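Summary of the model geometry
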Amino acid sequence: MTTRRQLLALTAALAASTALPARAQAPEGPLRIVVPYAPGGSSDRVARLVADKLGPKLGLTVVVENRTGGGGRIAAQQLKATPANQSVLLLANPALMLVAPLVFKDAGYDPEKDFQPVSQASSYEFAVAVGAGVPVRELNHLLAWVRANPEQANFGVPATGSLPHFFGLMVGQKAGVKAQVVGYRGSGPLLSDLMGGQIPVAFDTFDALLPQHEAGKIRILAVSSAKRSPFAPGIPTFKEAGLDLGADGWNTFFAPASMPAARVAQIGQAIREVMQEPETVRRFNDARLGPVASTPEQTRRMLAAYRAQWAPVVQTSGYQP
């Protein structure tokens, strides 16, 4: 006959045997969003806008960490080894998840094997601009000027190996013109030289160029979106300006491959809810960024289409870091 003491001991043992695995699998600590770039940039702004709303949705603390170095590769290398019981996201862009693995012999991580998409967060466009002293006001005039002045045909980009760099090459290939790429250490120095006349043409993200365009210090000639931007409807798209070309960039949340599928689904759902809130939409629009909410599968399809469009451009460019 089982005594009361034996029954209590058996019950306790069963409870312990079921509780220990649950505790081992439970997430430990806050959710960390790692931004692989310095504070103040567009990726950092996106992370902090989402983090402010995401914590209450998940009922936990969300911390944004900036881990710089190696163009973001160091952060990716560190995060790929995250244990399954720790919650961490990487907010990455195409330079990190597409370009680096193509141009480095060993980037130290595999975007498709070491990470899994959670949700896209934002999209942004590229644009071409000229300094106020450059005597062109339309894209076709710029292309004619470049052909007539090959010795002056230089265009600046915020960084070599960046998406604006490859978009500039894409434009040149489409238009049948060649120009020398001049890389800068960020949008600030690039804009300073563009306004000062040290560089005649610049390719950068639309949100980086727009404030100085609005101030009359530079002129944006075309934007890479499929439709005119609601932030500056007077600027034509590349297609409207005569080049059948469109492209965009993105910021997307990725989780380490070790994160359980149920946790990915939970965090992804919370992010999508945050991205659809009117206040979030307003704050993203104020930052001249397009908010996006997507499921992991939708994000995976977007990434596949993006690689198909951009990988040939990167690979044929001959770019070496």
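Residues numbered from 1 in each chain as written. Predicted model: local features only at pLDDT ≥ 70, side-chain atom pairs only at ≥ 80, totals over all residues. Heavy atoms only, no water.

1. Concerning the pairing of strand β3 (residues 86-92)
Stated formally: Think of it in three bands: with a 1.4 Å probe and only protein chains considered, a residue is buried below 20% of the maximum accessible area for its type, exposed above 50%, and partly exposed in between. Numbering of helices and strands runs from the N terminus; a helix is a DSSP stretch of H or I covering at least four residues, while a strand is a stretch of E covering at least two. In this analysis, strands are considered paired if DSSP registers two or more bridges between them.
Most of β3 is tucked away, with six of its seven residues classed as buried. One ladder, built from three bridges, connects β3 with strand β10 (residues 249-256); its direction is antiparallel. Residue pairing across strands places Leu91 opposite Phe253, the latter belonging to β10.

2. Considering the packing of aromatic side chains
Put simply, the test is: Here is the rule: rings of Phe, Tyr and Trp (six-membered ring for Trp) pair when centre to centre is within 6.5 Å. Planes less than 30 degrees apart are stacked, more than 60 are edge-to-face, and the remainder are tilted. Only when the NZ atom of a Lys or the CZ atom of an Arg is both within 6 Å of the ring centre and within 35 degrees of the ring normal do we say a charge sits over the ring.
Summed over all chains, the structure comprises 10 aromatic pairs. Ring plane angle 85° and centroid distance 5.8 Å describe the contact between Phe166 and Tyr319, whose orientation is recorded as edge-to-face. Linking Phe166 in helix α7 (residues 163-175) with Tyr319 in the segment after α12 (296-317), this pair joins segments that are 153 residues apart in sequence. We classify Phe166 as buried; its relative accessible area is 0%. With centroids separated by 5.6 Å and ring planes inclined at 70°, the aromatic side chains of Trp250 and Tyr306 adopt a geometry described as edge-to-face. Taken together, the positions of Trp250 in strand β10 and Tyr306 in helix α12 put the pair 56 residues apart, joining distant regions of the chain. These aromatic residues form a ring-pair network of at least three members: Tyr124, Phe126, Phe155, Phe167, Phe203, Phe238, Trp250, Phe254, Tyr306 and Trp310. The residue whose ring lies beneath Arg73 is Phe104, and the NZ or CZ to ring-centre distance is 3.8 Å.

3. Points about the confidence of the model for the chain
Parts of the model with low pLDDT should not have their predicted coordinates read in detail. Stated precisely, the cut-off is as follows: For every residue, the predictor states its confidence as a pLDDT score lying anywhere from 0 to 100. We call two residues in contact when some of their heavy atoms are within 4.5 Å.
Confidence in the prediction for the chain averages 87 pLDDT; 91% of positions are at 70 or higher. When the elements of the chain are averaged for pLDDT, helix α1 (residues 4-25) gives the smallest value, 38, and strand β9 (residues 218-223) the largest, 97. Segment residues 1-26: pLDDT under 50, and four contacts once partners within four positions in sequence are set aside and those in other chains are kept.

4. Details of the side chain of Thr299
Worth spelling out the cut-off: Counted as a polar contact is a pair of N or O atoms within 3.5 Å, where, for protein atoms, one must be capable of donating a hydrogen and the other of accepting one, and residues adjacent in sequence contribute only when both atoms are in side chains.
In this structure, Thr299 sits in helix α12. On the accessibility criterion, Thr299 (0% relative accessible area) is buried. Within polar-contact distance, the side chain of Thr299 engages the backbone nitrogen of Gln120 at 3.4 Å. Sequence-distant contacts of Thr299, that is, excluding residues within four places in its chain, are made with Pro117, Val118, Ser119, Gln120, Thr252 and Ser294.

5. Digging into the packing of helix α2 (residues 42-58) against helix α11 (residues 278-286)
Two numbers describe a pair of packed helices, the interaxial angle and the distance between the axes. The line we're drawing: Angles here are taken between N-to-C directions and fall from 0 to 180 degrees, while the axes themselves are lines fitted to C-alpha atoms, restricted in helices to the stretch in contact. Roughly parallel refers to an angle under 35 degrees, roughly antiparallel to one over 145, roughly perpendicular to one between 65 and 115, and oblique to any angle outside these ranges. Crossing chirality is assigned from the near helix's rotation relative to the far helix, an anticlockwise turn below a right angle marking it left-handed and a clockwise turn marking it right-handed. In this classification, the charged set is Asp, Glu, Lys and Arg, the nonpolar set is Ala, Val, Leu, Ile, Met, Phe, Trp, Tyr, Cys and Pro, and all remaining amino acids, among them Gly, are polar.
Their axes nearest at 11 Å, the elements α2 and α11 cross at an angle of 165°. Relative to α11, the element α2 lies roughly antiparallel. Between α2 and α11 lies a crossing of right-handed hand. Mapping the contact onto sequence places Val46, Leu49, Val50, Asp52 and Lys53 in α2 and Glu279, Thr280, Arg283 and Phe284 in α11. A class-by-class count of the residues in the contact of α2 with α11 yields four nonpolar, one polar and four charged.

6. Quick notes on the sheet that holds strand β6 (residues 154-157)
With mixed pairing, five strands are arranged side by side in an open sheet as β7-β6-β8-β5-β9. Here the strands that pair on one side only, and so sit at the sheet edges, are β7 (180-183) and β9. In this sheet, neighbouring strand axes are inclined to one another by 30° on average, regardless of whether the strands run parallel or antiparallel. Relative to strand β8 (residues 201-205), β6 is paired through two bridges, and the arrangement is parallel. Counterpart to Phe155 in the pairing with β8 is Val201.

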